[in-house]
Amino acid sequence: MAGMSITHQMSAISGQQIALESGNGTAEPTTAVVSAAAVWKSPLPVIRCRAGGEIEALSPPVSPCLSPVRGGMRANLAVACQAFAAEVEAEAEAAPGEWEHKEGSGKGKGKGVPVFVMMPLDSVTMGNGVNRRKAMKVSMQALKSAGVEGIMMDVWWGLVERNGPGAYNWGGYADLLEMAKHHGLKVQAVMSFHQCGGNVGDSCTIPLPNWVVEEMHKDQDLAYTDQWDRRNYEYVSLGCDTLPVLKGRTPVQCYADFMRAFRDNFKHLLGDTIVEIQVGMGPAGELRYPSYPEQNGTWKFPGIGAFQCYDKYMRSSLKAAAEAAGKPEWGSSGPTDAGHYNNWPEDTQFFRREGGGWASPYGEFFLNWYSQMLLEHGERILSSANSVFLDMGVKISVKVAGIHWHYGTRSHAPELTAGYYNTRLRDGYLPIAKMLARHGAIFNFTCIEMRDYEQPQDALCAPEKLVRQVASATREARVPLAGENALPRYDEAAHEQIMRSSSINIDGEEMEMCAFTYLRMNPGLFQPENWRRFVTFVKKMKEGKDPHKCREQLEEEAAHFVHVTRPLVQEAAADLMH
């Protein structure tokens, strides 16, 4: 269906020509503009609802409980698609470049939060083609019809530069990006310099480039290492960031060259279709150490994880830092009393509440060094990213993990092992926010959908408190905050929590996220009830705190639109299953 407008594509799917009745009663093509609201709101009895406290508003009618005959449904779909396309074109003309990240807090408050949707991890095949091409097309149409702003896609280092240094194959990504442009979707492109496989939600395996893996096997200290000499090959150890260990190039040079090649290949889409570059900085694309690896059952929730500083490059840095501090005896090793991956804080001498080593002079020295190494890693890569994408019209973002378990303890052990020096006595997210602010980057945070009471209370989980702390840090640093859900959720409770988290009041100031990315596009999302809830959620996020729209009105508008677009969504769900 290349070269066809979204209206004609969806018309083809519906089996109907897009046409309106003319004045003589015959159906003929016309250029008249139809409002999508006119399709959503059919002339049935209205329901009164409350909006904005004292404002009386009229909700649109409830859509019929029973589906009409197939032919009637497809005719409605055609009209709905025409109406939608007309509105999209009108909005584009009225407000070109409408999607802009709100800088810092307090700007554009109450204007709504654009929603993006993560693509499947295996959207591009190992042969550099588009996986399930038909499903991708239909799914993008469905997402656009629901009011989604755009998509997020992982651009895997292990696929693009798999066969040799500097040999880039953008095949499948070129097709996907053109597909997104064709459907009017914005793109958040993730520079994924990590391995896929071994983390929560990883549904496929994509290793690092072959030649990088070969170098890591030759020199196993290129891999993150724990105190038991267990190697982690998800991401090249930051200890060798500036050393020419990858066939004459440093890891940071490899990342910069990859981003530069991406820029040069897709320059025509940057700033228009591609609006954000999220720079991967560790396992799962997050700025952290691989302290809680699920692969091979090493770690299980809610274990405290383990420090990853035992490769020779990290040990060399620790030794130098200890000597500079006048304490050479502190440089021989990381903590030896910090327990194992699946211990709890009170099981260990280092993390325990009373007299724990984390609060000792040695503990403070080590945790400062360990977290500073991570911050410097972020600085190096962000400097490269900003240099590559300067004046290209895209935002740069960095993803930070939502480590909410044992948050209620004094030591915050799982955050410490991941590299976030956050304790009852110290804010570990403010230094990260300030580092991102120096580079004009967006702070992207996970676990936005979680509520405290949903988590195991014996592990003192507190995702809501953690999100509030991060929001406060980004407010102080004046850096934009974006969000993601950590786990796939389709229920209204999760949606409501996301909406609450996307607009938080901090000391009397409303903090609104600049964007939210929904995990993930899959067959489950397109199941009828899940899709209905999702469309309602997207509308609510986009509307923001509009006093002229009440909850019932938004829900009924969404329900009616879901009803008439059901065939398209059913096709998307079926195609994604294959």
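This is a predicted model, so every value here is computed, not measured. (Residues numbered from 1 in each chain as written. Predicted model: local features only at pLDDT ≥ 70, side-chain atom pairs only at ≥ 80, totals over all residues. Heavy atoms only, no water.)

Draft legend 1. Summary view of the overall build of the protein. Assigned secondary structure in the protein consists of 17 helices and 16 strands. Taking all 578 residues of the protein together, 58% fall into the buried category. A separation of at least 24 residues holds for 76% of the contacts in the protein among residues at least 6 apart in sequence. (Helix = DSSP H or I, 4+ residues; strand = E, 2+ residues; numbered from the N terminus. Buried < 20%, exposed > 50% of the residue type's maximum accessible area, 1.4 Å probe, protein only. Contact = heavy atoms within 4.5 Å.)

Draft legend 2. Summary view of the side chain of His194. With respect to the helices and strands, the residue His194 is situated in the loop between β7 (186-192) and α7 (210-218). From its side chain, His194 meets the backbone nitrogen of Gly285 in a polar contact 3.3 Å long. Look past the residues within four positions of His194 in its chain and what remains in contact with it is Asp154, Trp156, Ile206, Leu208, Glu234, Tyr235, Gly282, Pro283, Ala284 and Gly285. (Polar contact = N/O pair within 3.5 Å; in protein donor to acceptor, adjacent residues only side chain to side chain.)

Draft legend 3. Layout of the pattern of salt bridges. Using the criterion set out here, one finds 27 salt bridges in the structure. Here Arg231 and Asp221 are joined by a salt bridge, their closest N and O atoms 3.1 Å apart. Note that Arg231 is positioned in strand β9 (residues 231-236) and Asp221 in the loop between α7 and β8 (223-225), a separation of 10 residues in sequence. Here Arg260 ties to Asp257 by a salt bridge, and the two come within 2.9 Å at their closest N and O atoms. One end of the pair is Arg260 and the other is Asp257, both in helix α8 (residues 251-265) and three residues apart, which spans about a single turn. (Salt bridge = Lys/Arg side-chain N within 4 Å of Asp/Glu carboxyl O.)

Draft legend 4. How the structure looks around the sheet that holds β7. With respect to topology, eight strands assemble into a closed barrel ordered β5-β6-β7-β10-β11-β12-β13-β16, the strand pairing being parallel. On average, each strand axis in the sheet is tilted by 30 degrees relative to the strand beside it, whichever way the strands run. (Pairing = 2+ DSSP bridges. Axes fitted to C-alpha atoms, helices over the stretch in contact; angles between N-to-C directions.)

Draft legend 5. Local environment of the packing of aromatic side chains. Evaluated as defined, the whole model comprises 39 aromatic pairs. With a centroid separation of 5.4 Å and 90 degrees between ring planes, the pair formed by Tyr292 and Trp405 is classed as edge-to-face. Of this pair, Tyr292 sits in the loop between β10 (274-279) and α9 (312-324) while Trp405 sits in the loop between β11 (395-400) and α11 (413-418), and the two are 113 residues apart along the sequence. Its relative accessible area of 12% is what places Tyr292 among the buried residues. An aromatic cluster is present here, built from Tyr224, Tyr289, Phe307, Trp330, Phe350, Phe351, Tyr362, Phe365, Phe366, Trp369 and Tyr370 joined pairwise through their rings. (Phe/Tyr/Trp six-rings, centres within 6.5 Å; stacked < 30°, edge-to-face > 60°.)

Draft legend 6. Expanded view of the packing of helix α10 (residues 361-388) against helix α12 (residues 429-438). Here α10 crosses α12 at 15 degrees, and the two axes come no closer than 10 Å. Here α10 is positioned roughly parallel relative to α12, judged by the angle of their axes. Like other packed secondary-structure pairs, α10 and α12 cross with a definite hand, here right-handed. For the pair α10 and α12, contact is made by Leu375, Gly378, Glu379 and Leu382 and by Pro431, Ile432, Met435, Leu436 and Arg438, respectively. Residues that form the contact of α10 with α12 fall into these classes: six nonpolar, one polar and two charged. (Parallel < 35°, antiparallel > 145°, perpendicular 65-115°, else oblique. Left-handed = near helix turned anticlockwise from the far one by under 90°. Nonpolar A, V, L, I, M, F, W, Y, C, P; charged D, E, K, R; others polar.)

Draft legend 7. The environment of Arg520, seen in detail. Within the secondary structure, Arg520 sits in the loop between β16 (515-518) and α15 (528-543). For Arg520, the residues in contact, after removing those within four places along its chain, are Val117, Met118, Met119, Pro120, Leu121, Asp154 and Leu525. There is a polar contact of 2.8 Å between the side chain of Arg520 and the backbone oxygen of Met119.

Draft legend 8. Region of interest: the confidence of the model for the protein. On average, residues of the protein score 83 in pLDDT, and 79% of them are at 70 or above. The low-confidence segment residues 1-99 (pLDDT under 50) makes 145 contacts with residues lying over four places distant or belonging to another chain. A low-confidence stretch, residues 102-108 (pLDDT under 50), is modelled with 19 contacts involving residues beyond four sequence positions or located in other chains. (pLDDT = per-residue confidence, 0-100.)

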